[in-house]
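# What the coordinates show
Each chain, written out:
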Amino acid sequence: MAGHSKWKNIQGRKNAQDAKRGKIFQKLSREIYMAAKAGGADPATNAALRLVMDKAKAANMPNDNIDRAIKKASSAGENEHYDEITYEGYGPAGVAILVYALTDNRNRTATNVRVAFTRNGGSLGETGSVSYMFDRKGYIAIERAGLSVDEDTMFENVLEAGAEDLETSEDVFEIYTAPEDFTTVRDILEKDGYTLAQAELTMVPQTLVELDLEQQEQLQILIDKLEEDDDVSEVFTSGDM
């Protein structure tokens, strides 16, 4: 993961996502609903629910929206069901793309994802065609502004907390964990008084593909089209943007 900064991509896409806040809340409500329905309404005993609630709060989703989704799951009938589906494909310059969807209509979602790829310079691949190029990781970002902690001290702190790796830039400490250690590391760092700018389970590309400006713009259009779909939850790429 050396040299790879998720923070740069996160910050680069944040402003664009702010304009789509209503749609983001809708998708998060669905994820909260699914997590609560599968594992119960108490985040203290439902780790999946706690993770998506943290994700919702990081997106500034109102507590009323979160509570409403949990209550809906608690009273939902057995006929309400969503499938989690992963689509794999390629973008400009052969960039690997993973698309996670949550849908109540597989045919609708598959058609929409395929159209987004084919109309925007990409191609949909077979299952397993690109997923092996990504690793599931816990990711935590701590902004350095106002911190008096140097890199060596932070490195010791995150290793003691159980993290795997630390990437440091001028603006941010980026911490990577094994998926099963993510919650523990996050909780320890918060207990130690650190403010977490980002904390999530994510997919990290093993290798980044360098893109010229035109290819970056083309890839961003493809990502935007995929994320516009109500059924699409997350999009991950190996493009260095």
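A brief look at the structure comes next.

About the criteria used
Here the residue numbers are simple positions, counted from 1 along each chain's written sequence. Confidence filtering applies because this is a predicted model: local features only for residues at pLDDT of at least 70, side-chain atom pairs given and counted only at 80 or more, and all residues used for totals across whole chains, interfaces and linings. Excluded from the side-chain calculations are hydrogens and water; all other atoms, namely the structure's heavy atoms, are used. Helix and strand labels come from DSSP, where a helix needs a run of H or I of at least four residues and a strand needs a run of E of at least two; each type is numbered from the N terminus. Nitrogen and oxygen atoms within 3.5 Å of one another constitute a polar contact, given that in protein one can donate a hydrogen and the other can accept it, and given that sequence-neighbouring residues count only through two side-chain atoms. The contact rule is simple, with two residues in contact once any of their heavy atoms fall within 4.5 Å. The angle between two axes is taken between their N-to-C directions and runs from 0 to 180 degrees, where each axis is a line fitted to C-alpha atoms and a helix contributes only its stretch in contact. Between 65 and 115 degrees an angle is taken as roughly perpendicular, under 35 as roughly parallel, over 145 as roughly antiparallel, and anywhere else as oblique. Left-handed describes a crossing whose near helix is turned anticlockwise from the far helix by less than a right angle; the clockwise case is right-handed. For this analysis, a ring pair means two rings from Phe, Tyr or Trp (six-membered ring only for Trp) whose centres lie within 6.5 Å, classed as stacked if their planes differ by under 30 degrees, edge-to-face if by over 60, and tilted for the remaining angles. The classification of residues rests on relative accessible area computed with a 1.4 Å probe and restricted to protein chains. Under 20% of the type maximum is buried, over 50% is exposed, and intermediate values are partly exposed. Pairs of strands are assigned from DSSP output, requiring at least two bridges between the strands.

## Side note on the side chain of threonine 109
Relative to the helices and strands, threonine 109 resides in helix α5 (residues 106-118). Among the polar contacts listed, one links the side chain of threonine 109 to the backbone oxygen of asparagine 105, at a separation of 3.1 Å. Within polar-contact distance, the side chain of threonine 109 engages the side chain of aspartate 231 at 2.7 Å. Those residues in contact with threonine 109 that sit more than four places away from it in its chain are Tyr87, Ala101, Thr103 and Asp231.

## Quick notes on the packing of helix α3 (residues 47-58) against helix α7 (residues 182-191)
Between α3 and α7, whose axes approach to 12 Å, the crossing angle comes to 50°. Compared by their axis directions, α3 and α7 come out oblique. In the packing of α3 onto α7, the handedness of the crossing is left-handed. Along its contact with α3, which presents Arg50, Leu51 and Asp54, the element α7 presents Phe182, Thr183, Arg186 and Asp187.

## With respect to the packing of aromatic side chains
For the structure shown, the criterion picks out 2 aromatic pairs. With 5.7 Å between their ring centres and 70° between their planes, tyrosine 100 and phenylalanine 236 make a pair best called edge-to-face. Of the two residues, tyrosine 100 is situated in strand β2 (residues 96-103) and phenylalanine 236 in strand β9 (residues 232-237); the sequence distance between them amounts to 136 residues. By relative accessible area, phenylalanine 236 is classed as buried at 9%.

## Here's the deal with the pairing of strand β5 (residues 165-168)
Note: β5 against strand β6 (residues 172-177), 4 bridges, orientation antiparallel. If you follow aspartate 165 over to β6, its bridge partner there is tyrosine 176.

## Looking at the sheet that holds strand β1 (residues 83-90)
Reading across the sheet, the 4 strands line up as β3-β1-β2-β9 and stay open at both edges, with antiparallel pairing between neighbours. Both outer strands of the open sheet, β3 (123-124) and β9, are each paired with one neighbouring strand and no more. Here β2 pairs with β9 via 5 bridges, running antiparallel. Paired with valine 99 across the strands is valine 235, a residue of β9. Running over the sheet, α5 touches β1, β2, β3 and β9 and is turned about 20° from β1.

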